[in-house]
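Per-entry structural report
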Amino acid sequence: MKSPRNLVKRKMSPGSYLLHTALGMLRLPGTLGGCERASSNQSIRHRMCGDQVLWVPGSDHAGIATQAVVEKRLWKERGVRRHELSREEFLREVWKWKEEKGGEISEQLQALGASLDWDRECFTMDAGSSVAVTEAFVRLYEAGLLYRSQQLVNWSCTLRSAISDIEVENRPLPGRTELRLPGCPTPVSFGLLVSVAFPVDGEPDAEVVVGTTRPETLPGDVAVAVHPDDSRHAHLHGRQLRHPLTGQLLPLITDSAVQPHVGTGAVKVTPAHSPADAELGARHGLSPLSVIAEDGTMTSLCGDWLQGLHRFVAREKIMSALTERGLFRGLQNHPMVLPICSRSGDVVEYLLKSQWFVRCQELGARAAQAVESGALELSPSFHQKNWQHWFSHIGDWCVSRQLWWGHRIPAYLVVEEHTKGDKEDCWVVGRTEAEARRIAAELTGKPGAELTLQRDPDVLDTWFSSALFPFAALGWPQETPDLARFYPLSLLETGSDLLLFWVGRMVMLGTQLTGQLPFSKVLLHSMVRDRQGRKMSKSLGNVLDPRDIISGVELQVLQAKLRDGNLDATELVTAAAAQRKDFPHGIPECGTDALRFALCSHGALGGDLHLSVSEVLSSRHFCNKIWNALRFILNALGERFIPQPAEELVPSSPMDAWVLSRLAHTAQECERGFLARELSLITHALHHFWLHSLCDVYLEAVKPVLSHSPRPPDPPQVLFSCADAGLRLLAPLMPFLAEELWQRLPPRPGGNSAPSISVAPYPTARSLGHWHQPELEQRFSRVQEAVQALRALRATYQLTKARPRVLLQSSEPGEQGIFEAFLEPLGTLGHCGAVGLLPPGVAAPSGWAQAPLSDTAQMYMELQGLVDPQTHLSLLAARRHKLQKQLDGLMAWTPSEEEAETKRQQRLSSLQLELSKLDKAASHLQQLMDACPSAGEL
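In the annotation of an unreviewed UniProt entry, the chain is listed under the name valine--tRNA ligase and assigned to Zalophus californianus. Listed under Sequence similarities (unreviewed entry) in UniProt, the entry text for the chain is "Belongs to the class-I aminoacyl-tRNA synthetase family."

What follows is the structure, given as structure tokens:
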């Protein structure tokens, strides 16, 4: 089967209103994202509704992640480190990897039937995107919204780069916790409070005890702070303390930010390695001391005895030195939050670095106002609270990254020139080096040719270019796209927190650079997790490549993929074991449509989505059911069938009218689900219509009708209408199956049918409204209850092949009329013979089994000549004994949890009801035996 046709026009007319932008991270290939869940379904559905649709595919360059992968690969395959290559040589290796692996995301989207305009596919390192990034940087700088400054940044010592706040995982620790960290030879303990004595200068027996969780930063301490109202230290205000390691004098300062009831009430002040201490130090004019280097080792300011040591190795040496000097005062468990780099797993350090920053207060206020005013709608709405909180606490955005892969910052240092009284380096910003040289000449008053410019070696944060994606993809800065006329749906395959972060950056930069909001609505997608709720990770071995689910894959192939990846030896063992446990026989072939349907069947819009292969298999069985239903329908229509216009089809039988009403109701539910963006409503409605209303009920009921001679004209027309509209309703979720089967339907007269189901009209509640009869559906529900009762009675007496006669009796004339209209389908669906009505007050025939339908209705089923009472009594006795044992066991068990008790009570009620039915059946069979002692006479 071919993918649904992508009939997107290159130029969008003023009437266009739907914009889909899909920015997939250039993640490690072979992971399943959440962006397919609603995007493809919505795009196909809107196109079928007559809207022009644009879904732009794209991926960003994932600077940190991609560089780390290539560095691992170089070391694994060639034993080469990045810095052993030139920058240009390394970038060639990255581009080589990108060409080899970067297309896998697009391949996954294509395999999933995503209907994108592939001619517009973008990559954030493409020439057009690079122009947009440079232009944005220059304009922000010229507007005074981008500046260079030395500030504390989140630093990953493993990556040797600054990282964003969203890449910092704040991990709560209850107390002492040992962690294995990159580059550290032994596990490191955290969640401990170390008490250290700072002797008071001039008083041999006086000291101030300070509590710290980071003793390795002691060499960077420049003061000790206490709360001004803490009486324990009031007598020491203004005194000097001796540093416990160096003996240097440190001031004891007072600050109201100190929490006197935490720890010892005294804190050491390390402005170069703590954001809180940096603020405190700035208030008191303290100069910072940087004692941890970019690679996580101790700097020369720590002295020869510590310089060059890993910071956590230095910690132990510092602890030993404190003990030797008699200044160690204890160690205790201390709950804390530890910042971890989500990219490397290393502990994040706060280092003072000269970087480029975007001023975010004004931009953030605009973004917050956009949501508050309703100009920007976030869906699900619970994200609005996080949005407002984030922008009310936003700080300036560090956009410098110490990487080689990415957009190099368009800023140049004018060598040996200074600004502001010859104290600060002279930096200029330009779109090209020539432009930067002209600006430098104007700034210094010297000829440009005489100046030496050095371009900043750093690259921009990947989020900077990602935030420009909707604009760059549609031609900015050469032309400013009129995004206000689009209804946009922006996508990211990762979690909603990252998506919210990305959308926030887009809104901030977009409103500043283009003067307009990039969109009026955003739909925040779910993160796809494994069936246990864990995030998919190659190191856990729980990654699901959608192509493997679609086509199936053997366990050996899954294991080979792991070995070909970049996992270290320990991670590889763990991942391989997890794969063998989860997929001992590999992954069976499920197909694209089954995967799409399973993804869409999850509710809780915006919540995490737990996906298991077993539920995709269940969806595959549903696909098979649809296929078989269409095969039956096409066979019933025959080769000479001519479809009647839907608006002219007026059903003559109650069953025909009922199934068409169910079809109209399904269209109504699908419409409601799409408008509410609750895809689970749509999957439930379609599953119920195809599996229950059409296959289980109507097709079974209509089979004997189709065998009548002459055949009535309405059922084939009804079958066609159900197949045609049902497949069109299904197309956004199952495009391949729907396309294949829809193309096999007989064409309507006139030859005006659409070339593809993806552009055929989508059924709406209005277009099928003339078939909707809620009252008829309500009446037929009573018939279905009677069918269930019939089947239950047959099961009780184990009538597997016999087709007994049935009589229905009701004291209510209206109810009697309902049954009368559906006597033939009642018998067919109940697997019975002739079904008749017994007038009210008339006694039932002797020997017939009886079952109540309601307070006013009874059902009678013929048994004489169909069962052997003696044989069936022994079978019933055996069944009763088995059920009684289950009941006795449940009665003796008292669960501790409330939920388990509720389930126990439900099971008890079910068993008691079943036992009651068996007792009643046994009593009836005994009466038959008493009336007819000889089995042969029955």
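Having seen the structure, we can now continue with the description.
This next bit is on the overall build of the chain. From N to C terminus, the chain includes 27 helices and 32 strands. In terms of overall dimensions, the chain has a C-alpha envelope of 120 × 70 × 55 Å along the principal axes. By the burial criterion, 53% of the 938 residues in the chain qualify as buried. Counting contacts in the chain only where the partners sit at least 6 residues apart, residues at least 24 apart contribute 77% of the total. As displayed, the chain has an accessible area near 41,800 Å², and 50% of this comes from carbon and sulfur atoms. Taking the average place of the 95 positive charges on the side chains of the chain and the average place of its 105 negative ones, the gap between the two points comes to 3 Å.

As summarised here, the arrangement of the 4 strands in space is 5-4-17-19, forming an open sheet in which the pairing is antiparallel. Strand pairing shows two members of the sheet lacking a second neighbour, strand 5 (161–162) and strand 19 (397–398), which therefore form its edges. Note: strand 4 (residues 146–156) against strand 17 (residues 349–358), 10 bridges, orientation antiparallel. Among the inter-strand pairings, Y147 is bridged to a residue of strand 17, identified as F357.

Now for the pattern of salt bridges. For the structure shown, the criterion picks out 47 salt bridges. The salt bridge partner of E71 is R82, with a shortest N-O separation of 3.2 Å. In this pair, E71 is assigned in helix 2 (residues 63–78) and R82 in the loop between helix 2 and helix 3 (87–101), connecting sequence segments 11 residues apart. Residue R82 is classed as buried on the basis of its relative accessible area, which comes to 7%. Where E207 meets R329, a salt bridge forms, and the shortest distance between an N and an O atom there is 3.0 Å. Linking E207 in strand 10 (residues 207–212) with R329 in strand 15 (residues 328–333), this pair joins segments that are 122 residues apart in sequence. Of the residues examined, R329 reaches a relative accessible area of 36% and is grouped as partly exposed. One continuous salt-bridge network, built from bridges that share partners, spans E104, E107, D545, R547, D548 and K561.

Our focus in this paragraph is helix 22 (residues 735–742). For helix 22, a buried count of 7 out of 8 residues is recorded, marking the element as mostly surrounded by other parts of the structure. Within helix 22, the full set of buried residues consists of P735, F736, L737, A738, E739, L741 and W742.

Spatial strand order, 12-13-11-14: 4 strands in an open sheet with mixed pairing. Single-partner strands in this sheet number two, and they are strand 12 (240–242) and strand 14 (266–269). Each strand axis lies, on average, 35° off the axis of its neighbour in the sheet, ignoring direction. With 3 bridges joining them, strand 12 and strand 13 (residues 249–254) adopt antiparallel strand pairing. The residue bridging L241 from the neighbouring strand is L250, located in strand 13.

This next bit is on the packing of aromatic side chains. By the definition in use, this model includes 21 aromatic pairs. On the numbers, 6.1 Å between centres and 75° between planes, the contact of Y141 with W356 is edge-to-face. Note that Y141 is positioned in helix 5 (residues 127–142) and W356 in strand 17, a separation of 215 residues in sequence. Given the relative accessible area of 1%, W356 is considered buried. An aromatic cluster is present here, built from F137, Y141, W356, W397, W427 and F464 joined pairwise through their rings. Above the face of the W404 ring, R82 is positioned so that its terminal group lies 4.8 Å from the ring centre. Here the basic side chain of K353 rests over the ring of W155, its NZ or CZ set 5.0 Å away from the ring centre.

Let us look at unusual backbone geometry. Residues S379 and P380 are joined by a peptide bond in cis, for which omega reads 0°. Its location among the elements puts P380 in the loop between strand 18 (377–379) and helix 9 (383–392). The omega torsion across W476 and P477 is 10°, close enough to zero to call that bond cis. Tracing the backbone shows P477 in the loop between helix 12 (469–473) and strand 25 (487–491). Its identity is not glycine, yet A62 carries a phi of approximately 45°, on the positive side. When its relative accessible area of 9% is taken as the criterion, A62 is described as buried. For Q798, which is not glycine, the phi dihedral falls at a positive 55°. The residue Q798 is located in the loop between helix 23 (774–796) and strand 29 (806–810) in this model.

Another aspect to go through is the domain arrangement of the chain. In many analyses, interface size is given as the accessible surface area lost on bringing the parts together. You can read the domains of the chain as domain 1 (13–145 + 361–395 + 463–538), domain 2 (167–345), domain 3 (609–772), domain 4 (777–862) and domain 5 (869–931). A C-alpha centroid distance of 24 Å is found between domain 4 and domain 5. Of all residues in domain 4, the largest losses of buried area upon contact with domain 5 belong to T796, Y797 and Q798, amounting jointly to 67% of the total for that side. Connecting domain 4 to domain 5 are 0 salt bridges. Put simply, domain 4 and domain 5 have 2 residue pairs in polar contact (both at pLDDT 80 or more) between them.

Further remarks concern the state of the cysteines. Applying the stated criterion to the full structure yields 0 disulfides. Here C623 stays free of any disulfide, with the sulfur of C590 as its closest cysteine sulfur at 9.7 Å. C623 gets classed as buried once you look at its relative accessible area, which sits at 11%. No disulfide involves C722; its sulfur sits 10 Å from that of C695, the nearest cysteine.

When we look at burial in helix 24 (residues 813–821), the residues that qualify are E815, Q816, I818 and F819. The arc that holds the buried residues of helix 24, viewed along the axis, is 155°, so those residues lie on one side. Opposite the buried face of helix 24, at more than 90 degrees from it, the exposed residues are P813, G814 and E820.

Turning our eyes to something else, we now look at the nonpolar core. In this structure, I626, W690 and L727 are the most contacted members of the largest nonpolar core, which totals 120 residues. Here the element with the most residues in this core is helix 20 (residues 679–706); it accounts for 15 residues. Counting residues in hydrophobic clusters, the runner-up holds 49 residues, among them V133, C360, I394 and V503.

The next thing to look at is the confidence of the model for the chain. Note: predicted coordinates in regions of low pLDDT should not be interpreted at a detailed level. Averaged over every residue, the pLDDT of the chain is 88; residues scoring 70 or more account for 92%. Throughout residues 1–36 the model reports pLDDT below 50, and contacts reaching past four residues in sequence, or to other chains, amount to 151 contacts. Every residue in residues 489–494 scores below 50 in pLDDT, and together they form 39 contacts with partners more than four places removed in sequence or on other chains.

Mapped onto the elements, L908 comes out in helix 27 (residues 898–931). Using a relative accessible area of 5% as the deciding quantity, one classes L908 as buried. Taking the C-alpha atoms as reference, L908 lies 7.1 Å from L890; in sequence the two are 18 residues apart. Once residues lying within four places of it in the same chain are set aside, the contact partners of L908 are L887, L890 and M891.

This part is about the packing of helix 17 (residues 592–600) against helix 22. For the pair helix 17 and helix 22, the least separation of the axes is 7 Å and the interaxial angle reads 125°. Here helix 17 is positioned oblique relative to helix 22, judged by the angle of their axes. Here helix 17 contributes T592, D593 and R596 to the contact with helix 22, which in turn contributes P735, F736 and L737. Classifying every residue of the contact of helix 17 with helix 22 gives 3 nonpolar, 1 polar and 2 charged.

Attention now goes to the side chain of S756. Tracing the backbone through its elements, the reader meets S756 in the loop between helix 22 and helix 23. For S756, the side chain forms a polar contact with the side chain of E739, separated by 2.7 Å.

Right, let's get into the pairing of strand 29. Counting buried positions along strand 29 gives 5 out of 5 residues, so the element sits mostly inside the fold. The alternating pattern of strand 29 places V806, L808 and S810 on one face and L807 and Q809 on the opposite face, and all of these are buried. Sheet topology note: the strand 29/strand 30 (residues 835–837) ladder contains 3 bridges and is parallel. Residue pairing across strands places L808 opposite L837, the latter belonging to strand 30. Here strand 29 pairs with strand 32 (residues 857–861) via 5 bridges, running antiparallel. Residue Q809 lies in a different strand from strand 32, and its bridge partner there is Q858.

Rules used in this analysis
Residues numbered from 1 in each chain as written. Predicted model: local features only at pLDDT ≥ 70, side-chain atom pairs only at ≥ 80, totals over all residues. Heavy atoms only, no water. UniProt positions renumbered as here; feature names shortened; annotations may be inferred. Helix = DSSP H or I, 4+ residues; strand = E, 2+ residues; numbered from the N terminus. Buried < 20%, exposed > 50% of the residue type's maximum accessible area, 1.4 Å probe, protein only. Contact = heavy atoms within 4.5 Å. Areas by Shrake-Rupley, 256 points an atom, 1.4 Å probe, with all protein chains shown as cover. Lys, Arg positive; Asp, Glu negative; His and termini not counted. Charge placed at Lys NZ, Arg CZ, Asp CG, Glu CD. Pairing = 2+ DSSP bridges. Salt bridge = Lys/Arg side-chain N within 4 Å of Asp/Glu carboxyl O. Axes fitted to C-alpha atoms, helices over the stretch in contact; angles between N-to-C directions. Phe/Tyr/Trp six-rings, centres within 6.5 Å; stacked < 30°, edge-to-face > 60°. Lys NZ or Arg CZ within 6 Å of the ring centre and 35° of its normal. Domains from an automatic or database assignment. Buried area = accessible area lost by both parts, 1.4 Å probe. Polar contact = N/O pair within 3.5 Å; in protein donor to acceptor, adjacent residues only side chain to side chain. Disulfide = S-S within 2.5 Å. Arc of directions from axis to C-beta. Core = buried A, V, L, I, M, F, W, Y, C linked by side-chain atoms within 4.5 Å. pLDDT = per-residue confidence, 0-100. Parallel < 35°, antiparallel > 145°, perpendicular 65-115°, else oblique. Nonpolar A, V, L, I, M, F, W, Y, C, P; charged D, E, K, R; others polar.

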